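Listed here are the chains, written in short residue letters.
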Amino acid sequence: MIFAIVIAALTFVLSGALHYIIVSGAIRRLGAANFHRGRKLVLALCVSGIAHIAAVVLYAAAYGIGRALNIGELSGGASGSAMDVFYFSLVTYTSLGLGDIVPTGHLRLIAGIEALNGFLLISCSAAMLFLFMSGQNKSEKQ
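Here the residue index of a chain counts from 1 through its sequence in written order. Note on the predicted model: pLDDT of at least 70 is required for a residue's local features to be given, and 80 or more for side-chain atom pairs to be given and counted; whole-chain, interface and lining totals, by contrast, use all residues. To obtain the side-chain values, all non-hydrogen atoms of the structure were included, while hydrogens and water were left out.

1. Some words on the overall build of the protein
Think of it this way: any DSSP run of H or I at least four residues long counts as a helix, any run of E at least two long counts as a strand, and we number them from the N terminus. What the protein contains, in helices and strands, is four helices and two strands. Taken from N to C terminus, the helices and strands of the protein fall in the order α-α-β-α-β-α. If you line up the protein on its principal axes, its C-alpha atoms span 60 × 25 × 20 Å. Within the protein, buried positions represent 35% of all 142 residues. Working definition of accessibility: Shrake-Rupley area with a 1.4 Å probe, residue cover restricted to the visible protein chains. Here the protein has roughly 7900 Å² of accessible surface; of this, 72% comes from carbon and sulfur atoms. When charges are counted, neither His nor the chain ends are considered; positive counts come from Lys and Arg and negative counts from Asp and Glu. To locate a charge, the coordinates of NZ of Lys, CZ of Arg, CG of Asp or CD of Glu are taken. Of the charged side chains in the protein, 9 are positive and 5 negative; the average position of the first set lies 20 Å away from that of the second. The rule is simple: take the accessible area with a 1.4 Å probe, protein chains only, and divide by the maximum for that residue type; under 20% is buried, over 50% is exposed, in between is partly exposed.

Below, the structure is given as structure tokens:
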């Protein structure tokens, strides 16, 4: 259980920091860019998506580490391939939770933390994009 807590906590912090670095850096650069507002929004959305995929990859690596430490497994439709682990991580991060692949053992803790983290980071992206576009509207009116 200790391994699962440490892995989940480290992945939670790393994915949050990575998301912040990627999204805030892009928004800062896009704010200074001389592009049309619509182009800035599309680029900001793409960068946000990349930040979320990076977080999903971090959690997929966490599941791989957990499996290597024998603290749990992914059962159901999973063959154990990297694609299955990535798919499970993506479905968990987005809180879609299809249920065709199910974590066992202490990997369930990591999956729960990932769902919480995904919800928080997706909400942060939405808030940052809203603030970014609100700031763009103000600068265009001046």
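2. Examining the packing of helix α1 (residues 2-32) against helix α2 (residues 37-68)
Note on definitions: angles span 0 to 180 degrees between N-to-C directions of axes, and those axes are lines fitted to C-alpha atoms, for helices only across the stretch in contact. Between α1 and α2, the least distance of the axes is 9 Å, while the angle of their chain directions is 165°. Looking at the two axes, α1 sits roughly antiparallel to α2. Classified by chirality, the crossing of α2 by α1 is right-handed. In this classification, Asp, Glu, Lys and Arg are treated as charged, Ala, Val, Leu, Ile, Met, Phe, Trp, Tyr, Cys and Pro as nonpolar, and every other residue, Gly included, as polar. Looking at the contact of α1 with α2 residue by residue, the classes come out as 19 nonpolar, seven polar and one charged. Every angle not falling under 35 degrees, over 145, or within 65 to 115 is termed oblique; those three ranges are roughly parallel, roughly antiparallel and roughly perpendicular. A clockwise turn of the near helix away from the far one marks a right-handed crossing, whereas an anticlockwise turn of less than a right angle marks a left-handed crossing.

3. Observations concerning the environment of S15
Note that S15 resides in helix α1. For S15, a relative accessible area of 0% corresponds to the buried category. In what follows, a contact means two residues having at least one pair of non-hydrogen atoms within 4.5 Å. With residues up to four places along the chain from it excluded, the contact list for S15 reads A55, L58, Y59, N117 and L121. Polar contacts, as used here, are pairs of N or O atoms within 3.5 Å; protein pairs need one atom able to donate a hydrogen and one able to accept it. Residues neighboring in sequence count only if both atoms are side-chain atoms. A polar contact of 3.1 Å, which involves the side chain of S15, links it to the backbone oxygen of F12.

4. Some words on the environment of A115
Mapping A115 onto the fold places it in helix α4 (residues 107-141). Separated by 15 residues in sequence, A115 and D100 have C-alpha atoms that sit 16 Å apart. Excluding anything up to four places from it in sequence, A115 contacts T92, Y93 and S95.

5. A short note on unusual backbone geometry
Despite not being glycine, N70 has its phi angle at roughly 60°, a positive value. Secondary-structure assignment places N70 in the loop between α2 and β1 (74-76). With a relative accessible area of 68%, N70 lands in the exposed category. Backbone geometry places S95, a non-glycine residue, at a positive phi of 60°. Here S95 is to be found in the loop between α3 (82-93) and β2 (101-103).

6. Observations concerning the environment of E114
By secondary structure assignment, the location of E114 is in helix α4. Taking relative accessible area as the criterion, E114 reaches 0% and is therefore assigned buried. Linking E114 and T11, residues 103 residues apart in sequence, is a C-alpha distance of 8.4 Å. Once you skip the residues sitting within four places of it in the chain, E114 turns out to touch Y59, Y63, S89, T92 and Y93.

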